[in-house]
Amino acid sequence: MQLSIRSLTKTYPNGVRALNNINLTINNGLFGLLGPNGAGKSSLMRTIATLQDADTGNIFLDDLNVLEQKEDVKKILGYLPQEFGVYPNITAEELLNHIALLKGIAITKERNERVKNLLVQTNLYDVKNKKLGGFSGGMKQRFGIAQALIGNPKIIIVDEPTAGLDPTERNRFLNLLSEISEQVIVILSTHIVEDVKELCSQMAIINKGEVLFSGHPADALDSVKGKIWSCQVSKQEAKELMQQHQVISQKFNTGQIELHVWSDSNVGNFAPAQPALEDVYFSVLNGFINKN
Ligand code: ADP
């Protein structure tokens, strides 16, 4: 499947232009939509999920016109919103069973089988009889994926799912998304660079409603090759260097500050730095890299 977003624009009634001529092509696999808070990620996700309209532009999922054939899109869509509420007094198994029934899996044996497989796949089988109100954040998110998968969706949208998860749960959750994405399109929005780093085969960086980069994470790293320089300095020196150079990031490191600087050639006492996706992200957001 291919999701094709063309010239998508959305301005809210309060005048905020949340999407400004968005163009993206997304294939099967895990797609990371990376951007800071307020970048327009949720607006884009909600539009793809047919929950809100755009002002102009179009979205096609193969031949399906997403903005017009909403009912058809809903049949093949799994959506996990940012705020995902669960009924606290019902068990994971009961709620999945109920949703499966609503989705039209009427034969009990077939439904039980499907629910069991989903619980196993999302690593929730051992807690299937636990009430959802007692679930941790990570368990809730995995449950969210289980319910999103019930209708065998071809496209799955998860909006900022890793915020608030501890590192173990985050990894487990991202691995689950990566496994699922072998067959379908999975779009993951996040403001956390690490989420996109290892598992996403495609990515985009957006800010202020505009796509500033789209491509493979390796291409993103290539785009800053030879341009990132680093040095360890005192706080005072860091302040001075920040006046003189295009500083990408600063990190505390054993009492000193490690600066990453953007430059076409070596400047002063800097050492070439092995580029990381963070360098790309901050270079793009600061406008050091031209958008492609
Ligand atoms: P993100 O998901 O990247 O944090 P959003 O899509 O939620 O970004 O928001 C993009 C911009 O649109 C922000 O400036 C936000 O305040 C604004 N916005 C989002 N939803 C609405 C709305 N329903 N009405 C007005 N402004 C909104």
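Just so we're clear, the structure is a prediction, and the values are computed from it rather than from any experiment. Residue numbers restart at each chain and count upward from 1, following the sequence in its written direction. Local features are withheld for residues below a pLDDT of 70 in this predicted model, meaning they are given only at 70 or higher, and side-chain atom pairs are given and counted only at 80 or more; totals for whole chains, interfaces and linings count all residues. Only hydrogens and water are set aside; all other atoms, that is, all heavy atoms of the structure, feed into the side-chain values.

**Student:** Whenever I open this one, the sheet that holds strand β5 (residues 64–65) confuses me. Can you help?
**Tutor:** Each strand in a sheet pairs with another by means of backbone hydrogen bonds, the pair being arranged parallel or else antiparallel. In this scheme, strands are said to pair when DSSP sees at least two bridges between them. For helices the rule is a DSSP run of H or I covering at least 4 residues; for strands it is a run of E covering at least 2, with both sets numbered from the N terminus onward. Judged by pairing direction, the sheet is antiparallel, and its four strands sit side by side in the order β2-β1-β4-β5 without closing on themselves. Lying at the two open borders of the sheet, with one neighbouring strand each, are β2 (17–27) and β5. Sheet topology note: the strand β4 (residues 56–61)/β5 ladder contains two bridges and is antiparallel. Bridge pairing in β5 places Leu61 opposite Leu64. Throughout, a residue-residue contact means that at least one pair of heavy atoms, one from each residue, lies within 4.5 Å. Note on method: axes are straight lines fitted to C-alpha atoms, helices fitted across the in-contact stretch only, with angles between N-to-C directions ranging 0 to 180 degrees. Each of β1 (2–11), β2 and β4 touches helix α1 (residues 41–48); the most contacted strand, β2, lies at about 60 degrees to it.

**Student:** Which parts of the structure should I look at to understand the site of the ligand?
**Tutor:** Think of it this way: one heavy atom of a residue within 4 Å of a molecule or strand is enough to make that residue near it. If you check the shell around the ligand, you find 13 residues, and the closest are Gly38, Gly40, Lys41, Ser42 and Ser43. With respect to the ligand, the backbone of Gly38 contributes an N or O atom lying 2.7 Å from an oxygen atom. The backbone of Ala39 places a nitrogen or oxygen atom 3.0 Å from an oxygen atom of the ligand. By residue number, the principal contributor to the shell around the ligand is α1, which donates four residues. In this classification, the charged set is Asp, Glu, Lys and Arg, the nonpolar set is Ala, Val, Leu, Ile, Met, Phe, Trp, Tyr, Cys and Pro, and all remaining amino acids, among them Gly, are polar. Here the shell around the ligand is built from residues that sort into five nonpolar, six polar and two charged. For the purposes of these results, a polar contact is taken to be a pair of N or O atoms within 3.5 Å, where, inside protein, one atom must be able to donate a hydrogen and its partner to accept one; residues adjacent in sequence count only when each atom of the pair is a side-chain atom.

**Student:** Teacher, can you tell me more about the domain arrangement of the protein here?
**Tutor:** For interface size, the figure often reported is the accessible area lost on association. Just so you know, the domain bounds were taken from an automatic or database domain assignment. Along its sequence, the protein is organised into domain 1 (2–217) and domain 2 (226–274). Spacing between the C-alpha centres of domain 1 and domain 2 amounts to 38 Å.

**Student:** How do you make sense of the sheet that holds strand β6 (residues 77–80) when you look at a structure like this?
**Tutor:** Read from one edge to the other, the open sheet built from six strands follows the order β6-β7-β8-β3-β9-β10, with strand pairing classed as mixed. Among the strands making up the open sheet, the edge pair consists of β6 and β10 (210–215). Direction aside, neighbouring strands of the sheet carry axes that sit 15 degrees apart on average. Where strand β3 (residues 29–34) and strand β8 (residues 185–190) come together, six bridges link them in parallel fashion. Counterpart to Gly29 in the pairing with β8 is Ile185. On the sheet, helix α10 (residues 277–285) packs against β3, β9 (202–207) and β10 and is oriented at approximately 35 degrees with respect to β9.

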